[in-house]
There are 2 protein chains.
Amino acid sequence: MSILSKGKTKINKHSITRADNQEKILKAAREEFISQGYKGASVQSIADKVELPKANILYYFDNKEKLYLAVLEQTLDMWDKEIDHIDVNGDPKDAIEKFVAGKVRMSFKEPNASKIYALEIIQGSQHLKEYTRTYLRAWVREKAKIFQHWIDQGKMADIDPVKLIFLIWSSTQHYADFESQILTIMNRAEYEESDVIEVTEFLTDFILRGCKLK
Amino acid sequence: MSILSKGKTKINKHSITRADNQEKILKAAREEFISQGYKGASVQSIADKVELPKANILYYFDNKEKLYLAVLEQTLDMWDKEIDHIDVNGDPKDAIEKFVAGKVRMSFKEPNASKIYALEIIQGSQHLKEYTRTYLRAWVREKAKIFQHWIDQGKMADIDPVKLIFLIWSSTQHYADFESQILTIMNRAEYEESDVIEVTEFLTDFILRGCKLK
DNA sequence: GTCTATAACCAGATAGAC
DNA sequence: GTCTATCTGGTTATAGAC
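Note that the structure is predicted; figures quoted are calculated from it, not measured.

1. Considerations on the packing of aromatic side chains
Next up, step 1: Here the structure, examined in full by the defined rule, presents 28 aromatic pairs over all chains.
Next up, step 2: Ring geometry for Phe33 of chain A versus Tyr68 of chain A: centroids 5.1 Å apart, planes at 75°, classification edge-to-face. Here Tyr68 of chain A lies in helix α4 (residues 64–82) and Phe33 of chain A lies in helix α1 (residues 15–40), a separation of 35 residues in the sequence.
Next up, step 3: Judged by relative accessible area, which is 2%, Phe33 of chain A ranks as buried.
Next up, step 4: Members of the aromatic cluster, connected to one another through ring pairs, are Phe99, Trp139, Phe166 and Trp169 of chain A together with Phe108, Tyr175 and Tyr191 of chain B.
Next up, step 5: Seen from the ring of Tyr38 of chain A, Lys64 of chain A lies directly overhead, with NZ or CZ sitting 5.0 Å from the centre.
Next up, step 6: Above the face of the Trp79 of chain A ring, Lys103 of chain A is positioned so that its terminal group lies 4.5 Å from the ring centre.

In structure tokens, the structure reads:
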């Protein structure tokens, strides 16, 4: 079930090709919305990419705005599945290692998920205010509480847990969002598997030290 | 002189009001380009904000694309002035403290400069490829060399200097780019002066520890 | 359900008066 | 230099054939 809406998806004999088409459309739409922006994205151009008539796209998703919302929703669902759960019963070193590694892997494997989300937030979170106010705020407070618990037990440095979460988010997502800049600076055409490993090692190491866990 | 172009600006008796108008237009345009995206931004809406006829804006900047480029250029110039110089003769602790503090101050004082830049990079750096390939790449390599020098002297932890620079960029700019998300999560309407101080303290402290400088 | 053709709209750019 | 009025092109969305 989705995070943004609670609607049910009907399954009938047509739904296989339709679901298949919808997947392809969402992927193409995400690329188009990222490179051209919301207004700059044209439904025609998305239709061309998936080789379907423009009217079909609008038939599936009603209009451009709903298509964009579907892209955002799919992104949030993807993240929700992927984000490692920080368990109060574990120890902080283990939790941070898993959290950082998960976020780095996600940034390299699905950079577009991070990008479309970043674009939306930078432009003012118009479509995600409610999601942020309810779901994300609760998530941050819950995790911050766990970190604070560990701090109170003297298990890690006495630092602001919320700022720690922001630092982990930003430093990991940077490799997705600023991909084009990083590749150009390093004079490379694309990321390699070794980059994922090196960045994970660097960030876990650095952040653990910042938390006095190493 | 600007980073992107090397053109000269003529100064005559009309240039005072013209320069004044251009400043206002660029500020309004930056806001419009951020909230609406490049294609979504309308010259009419920028004209309305500065209370000038649309044709005047186009007369000043020739066309929408050149106006956007002027906004980017102004942003880069602003950053260039602001970014603290890391001096090879100084010590790493001092350099990082100044660098982090400068970036945090800039993020809180001029969030829109960071936002318009982030939007451009996330969307593929189309207009900044050349700037990144030449100017920014050289800047990163030069600073990385200085860090490496300090590492070789055993003055700080043996970590990848380029990844350290990326971490400082991302963790500081996050407070500008993700402003809307951070404020919503913390249930606040806007940043306060105390936030600048707290974030600066948190980040310098954390990063210095990551570099084994504390 | 699918697709073609078209309506209705809006934006950038410019011609030309002042 | 400044501004009004207009042209032109491209977009979403829909009506209606298949």
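2. As for the interface of chain A and chain B
Next up, step 1: Tallying the contact residues gives 55 residues for chain A and 55 residues for chain B.
Next up, step 2: Taken over both partners, the interface formed by chain A and chain B buries close to 4900 Å², and the fraction arising from carbon and sulfur atoms is 68%.
Next up, step 3: By the criterion of area lost to chain B, the three top residues of chain A are Ile122, Ile185 and Phe206 of chain A, representing 15% of everything that side buries.
Next up, step 4: Applying the counting criterion to the chain A and chain B interface returns two salt bridges.
Next up, step 5: For Lys163 of chain B, the salt bridge is made with Glu198 of chain A, and the minimal N-O distance between the two is 3.4 Å.
Next up, step 6: Here chain A is connected to chain B by 16 residue pairs in polar contact (both at pLDDT 80 or more).
Next up, step 7: Listed by contribution, the elements that provide at least two residues to the side of chain A that touches chain B are α1, α6 (111–122), α7 (129–152), α8 (161–177), α9 (179–185) and α10 (193–210) of chain A.
Next up, step 8: The element contributing the most residues to the side of chain A that touches chain B is α8 of chain A, with eleven residues.
Next up, step 9: Of the residues assigned to the side of chain A that touches chain B, the class counts are 26 nonpolar, 17 polar and twelve charged.

3. Things to note about the protein's contact with DNA strand C
Next up, step 1: Around DNA strand C, a shell composed of 13 residues is seen, among which Arg18, Asn56 and Tyr59 of chain A together with Lys54 and Lys64 of chain B lie nearest.
Next up, step 2: When atoms of DNA strand C within 4 Å of the protein are sorted by moiety, sugar and phosphate together comprise 57%.
Next up, step 3: Within the side chain of Asn56 of chain A, one N or O atom sits 2.2 Å away from a phosphate oxygen of DNA strand C.
Next up, step 4: Lys64 of chain B places a polar main-chain atom, nitrogen or oxygen, 2.9 Å from a phosphate oxygen of DNA strand C.
Next up, step 5: Elements supplying a minimum of two residues to the surface near DNA strand C: α3 (54–61) of chain A together with α3 (54–61) of chain B.
Next up, step 6: At four residues, the largest contribution of residues to the surface near DNA strand C is made by α3 of chain A.
Next up, step 7: Within the surface near DNA strand C, the residues separate by chemical class into seven nonpolar, three polar and three charged.

4. Some points on the relation of the copies chain A and chain B
Next up, step 1: Laying chain A over chain B is done by rotating through 180° and shifting 0.0 Å along the axis; what remains is an RMSD of 0.0 Å. Overall, the copies show the geometry of a two-fold rotation axis. Considering only C-alpha atoms, the part of chain A nearest the rotation axis is Gly210 of chain A, at 2.4 Å.
Next up, step 2: Take the interface residues of chain A: 100% of them recur as interface residues in chain B, which is what a same-surface contact looks like.

5. Some details on the protein's contact with DNA strand D
Next up, step 1: Near DNA strand D there are 13 residues, and of these Val43, Lys54 and Lys64 of chain A together with Asn56 and Tyr59 of chain B occur at the shortest range.
Next up, step 2: Considering the 4 Å shell around the protein, atoms of DNA strand D inside it are sugar or phosphate in 56% of instances.
Next up, step 3: Contact between DNA strand D and Val43 of chain A: a phosphate oxygen at 3.1 Å from a main-chain N or O atom of the residue.
Next up, step 4: Measuring from a phosphate oxygen of DNA strand D, one finds a backbone N or O atom of Lys64 of chain A at 3.0 Å.
Next up, step 5: Contributions of two or more residues to the surface near DNA strand D are made by α3 of chain A together with α3 of chain B.
Next up, step 6: Examining the composition of the surface near DNA strand D, we find that four residues originate from one element, α3 of chain B, more than from any other.
Next up, step 7: In the surface near DNA strand D, the residues fall into seven nonpolar, three polar and three charged.

6. Quick look at the environment of Glu179 of chain A
Next up, step 1: Of note, Glu179 of chain A is situated in helix α9.
Next up, step 2: When residues no more than four places from it in sequence are discounted, the contact partners of Glu179 of chain A are Pro111, Lys115, His174 and Tyr191 of chain A.

7. Quick notes on the confidence of the model for chain A
Next up, step 1: Confidence along chain A averages 92 in pLDDT terms, with 92% of residues attaining 70 or more.
Next up, step 2: Segment residues 6–13 of chain A: pLDDT under 50, and three contacts once partners within four positions in sequence are set aside and those in other chains are kept.

8. What to know about the state of the cysteines
Next up, step 1: In this structure the tally under the stated criterion is zero disulfides over all chains.
Next up, step 2: Among the cysteines around Cys211 of chain A, which has no disulfide bond, Cys211 of chain B carries the closest sulfur, lying 14 Å off.
Next up, step 3: Note on Cys211 of chain B: relative accessible area 0%, which makes it buried.

Rules and cut-offs
- Residues numbered from 1 in each chain as written.
- Chains lettered and ligands numbered in written order.
- Predicted model: local features only at pLDDT ≥ 70, side-chain atom pairs only at ≥ 80, totals over all residues.
- Heavy atoms only, no water.
- Phe/Tyr/Trp six-rings, centres within 6.5 Å; stacked < 30°, edge-to-face > 60°.
- Helix = DSSP H or I, 4+ residues; strand = E, 2+ residues; numbered from the N terminus.
- Buried < 20%, exposed > 50% of the residue type's maximum accessible area, 1.4 Å probe, protein only.
- Lys NZ or Arg CZ within 6 Å of the ring centre and 35° of its normal.
- Contact = heavy atoms within 4.5 Å.
- Buried area = accessible area lost by both parts, 1.4 Å probe.
- Salt bridge = Lys/Arg side-chain N within 4 Å of Asp/Glu carboxyl O.
- Polar contact = N/O pair within 3.5 Å; in protein donor to acceptor, adjacent residues only side chain to side chain.
- Nonpolar A, V, L, I, M, F, W, Y, C, P; charged D, E, K, R; others polar.
- Near = heavy atom within 4 Å.
- Least-squares fit on C-alpha atoms with pLDDT ≥ 70 in both.
- pLDDT = per-residue confidence, 0-100.
- Disulfide = S-S within 2.5 Å.

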